[in-house]
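These are the residues of each chain, in order.
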Amino acid sequence: MLLLAAAVTVVSLRYFIVRPEIAAGEPFRQKFADHLPMFLVHVLGGTVALILGPWQFWTGLRNRSLSLHRWLGRVYLTAILVGGVAGLYMAAIAFGGLPAQIGFSGLAILWLVTGVMAYRRVRQGDYEAHREWMIRNYALTFAAVTLRLWLPLLMLLGFSFVAAYTTVAWLSWVPNLIAVELYIVGKKAKKKSAVAREYAV
């Protein structure tokens, strides 16, 4: 997961090295050029969150340096706020028309909402719920990776670029969210089962 996140982060750096209207391929070139500030803010917030996220789930790092974990968490959630607001703006003008715009808007809104919920839970001292909301949030952050995996696969399967891109506006994040929800539910069920066995003994 970390390697994929790092790969997408490195690839995204090209937008800060070369002008996005040059770095981006068709049909995004003109759209990125017309909305350059918000596009770059979205890329910056997304890549910072993408590369920091896996470290926040590393129990060893959290146990050794809780203060570092907290500071990285603050940076991560700030990146979500910045990237999510810019992402919501970019979603409204997304290539692919209304279906893609709705899909990416849903992603941006849930990205922000899950980030807020994670922050609220940690402020309340509910660390288990905080971790669950962070897992959901990073599943949405990881859409930056899964989008880039699904898009070429769909095109290899014969989808046109427009159809593939419209599909990944949903496919990049909905399965991620379903997968982590099943993981969270399964983990809770195992915990309840373990407690029940302990009391039975």
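Up top is the structure.
Residues numbered from 1 in each chain as written. Predicted model: local features only at pLDDT ≥ 70, side-chain atom pairs only at ≥ 80, totals over all residues. Heavy atoms only, no water.

## Some points on the packing of aromatic side chains
Part 1: Going through the model one piece at a time under the given rule, you end up with nine aromatic pairs.
Part 2: For the ring pair F95 and F161, a centre distance of 5.8 Å and an interplane angle of 40 degrees mean the geometry is tilted. Of this pair, F95 sits in the loop between helix 7 (66-91) and helix 8 (98-123) while F161 sits in helix 11 (residues 161-171), and the two are 66 residues apart along the sequence.
Part 3: Considering the side-chain rings of F161 and Y165, the 5.9 Å spacing of their centres and the 20 degrees angle between planes classify their relative orientation as stacked. Linking F161 with Y165, this pair stays in helix 11, spanning four residues, or about one helical turn.
Part 4: Relative accessible area serves as the criterion here: at 23%, F161 is assigned to the partly exposed category.
Part 5: Here the aromatic residues F95, F104, F161 and Y165 are joined through ring pairs into a cluster of three or more. (Phe/Tyr/Trp six-rings, centres within 6.5 Å; stacked < 30°, edge-to-face > 60°. Helix = DSSP H or I, 4+ residues; strand = E, 2+ residues; numbered from the N terminus. Buried < 20%, exposed > 50% of the residue type's maximum accessible area, 1.4 Å probe, protein only.)

## What to know about the side chain of R121
Part 1: Looking at the element boundaries, R121 is found in helix 8.
Part 2: Here R121 sits buried without a salt bridge, and the closest side chain of opposite charge, D126, lies 4.8 Å off (N-O distance).
Part 3: When sequence neighbours within four positions are dropped, the list of residues in contact with R121 reads D126, A129, H130 and W133. (Lys, Arg positive; Asp, Glu negative; His and termini not counted. Salt bridge = Lys/Arg side-chain N within 4 Å of Asp/Glu carboxyl O. Contact = heavy atoms within 4.5 Å.)

## Quick look at the layout of surface pockets
Part 1: For the largest pocket, the calculated volume is near 940 Å³.
Part 2: A volume near 770 Å³ is recorded for the second largest pocket.
Part 3: G73, L77, Y119, V122 and H130 are, among the 22 residues lining the second largest pocket, the residues nearest its centre.
Part 4: Elements supplying a minimum of two residues to the lining of the second largest pocket: helix 7, helix 8 and helix 9 (127-141).
Part 5: Sorting elements by how many residues they give to the lining of the second largest pocket places helix 7 first, with nine residues.
Part 6: The residue inventory of the lining of the second largest pocket, partitioned by class, reads eleven nonpolar, six polar and five charged. (1 Å grid on protein atoms, 1.4 Å probe; cavity = no way out; pocket = protein on both sides within 12 Å on 5 of 7 lines; lining within 4 Å. Points joined across faces, edges and corners; volume = space filled by probe spheres on them. Nonpolar A, V, L, I, M, F, W, Y, C, P; charged D, E, K, R; others polar.)

## Some words on the nonpolar core
Part 1: Grouped together as the largest cluster of nonpolar side chains are 44 residues, with contacts concentrated most on L50, Y76, F104 and Y165.
Part 2: Counting residues per element, the ones that place at least two in this core are helix 1 (2-12), helix 5 (36-56), helix 7, helix 8, helix 9, helix 10 (143-156), helix 11 and helix 12 (174-200).
Part 3: Take this core: its biggest share by element is seven residues, from helix 7.
Part 4: Beyond its immediate stretch of four places on either side in the chain, L50 contacts A5, V8, T9, Y138, T141, F142, A144 and V145. (Core = buried A, V, L, I, M, F, W, Y, C linked by side-chain atoms within 4.5 Å.)

## A look at a nonpolar patch on the surface
Part 1: Taken together, the side chains of V10, L13, F16, I17, V18 and L44 define a hydrophobic patch exposed on the protein surface, amounting to about 570 Å² of accessible area.
Part 2: The topology assignment puts I17 in helix 2 (residues 14-17).
Part 3: For I17, a relative accessible area of 71% corresponds to the exposed category. (Patch = residues over 30% accessible without salt bridge, like charges linked within 9 Å, V, L, I, M, F, W, Y side chains within 5 Å. Areas by Shrake-Rupley, 256 points an atom, 1.4 Å probe, with all protein chains shown as cover.)

## Comments concerning the pattern of salt bridges
Part 1: Under the criterion given, the structure shown has two salt bridges.
Part 2: Its salt-bridge partner being K188, residue E132 comes within 3.4 Å of it at the nearest N-O pair. In this pair, E132 sits in helix 9 while K188 sits in helix 12, placing the two residues 56 residues apart along the sequence.
Part 3: Since its relative accessible area comes to 38%, K188 is described here as partly exposed.
Part 4: Where E181 meets R136, a salt bridge forms, and the shortest distance between an N and an O atom there is 2.8 Å. Separated by 45 residues along the polypeptide, E181 in helix 12 and R136 in helix 9 bring together distant segments of the chain.

## Focus: the side chain of T9
Part 1: Relative to the elements of secondary structure, T9 occurs in helix 1.
Part 2: There is a polar contact of 2.8 Å between the side chain of T9 and the backbone oxygen of A5.
Part 3: Setting aside its immediate chain neighbours within four residues, T9 contacts T47, L50 and I51. (Polar contact = N/O pair within 3.5 Å; in protein donor to acceptor, adjacent residues only side chain to side chain.)

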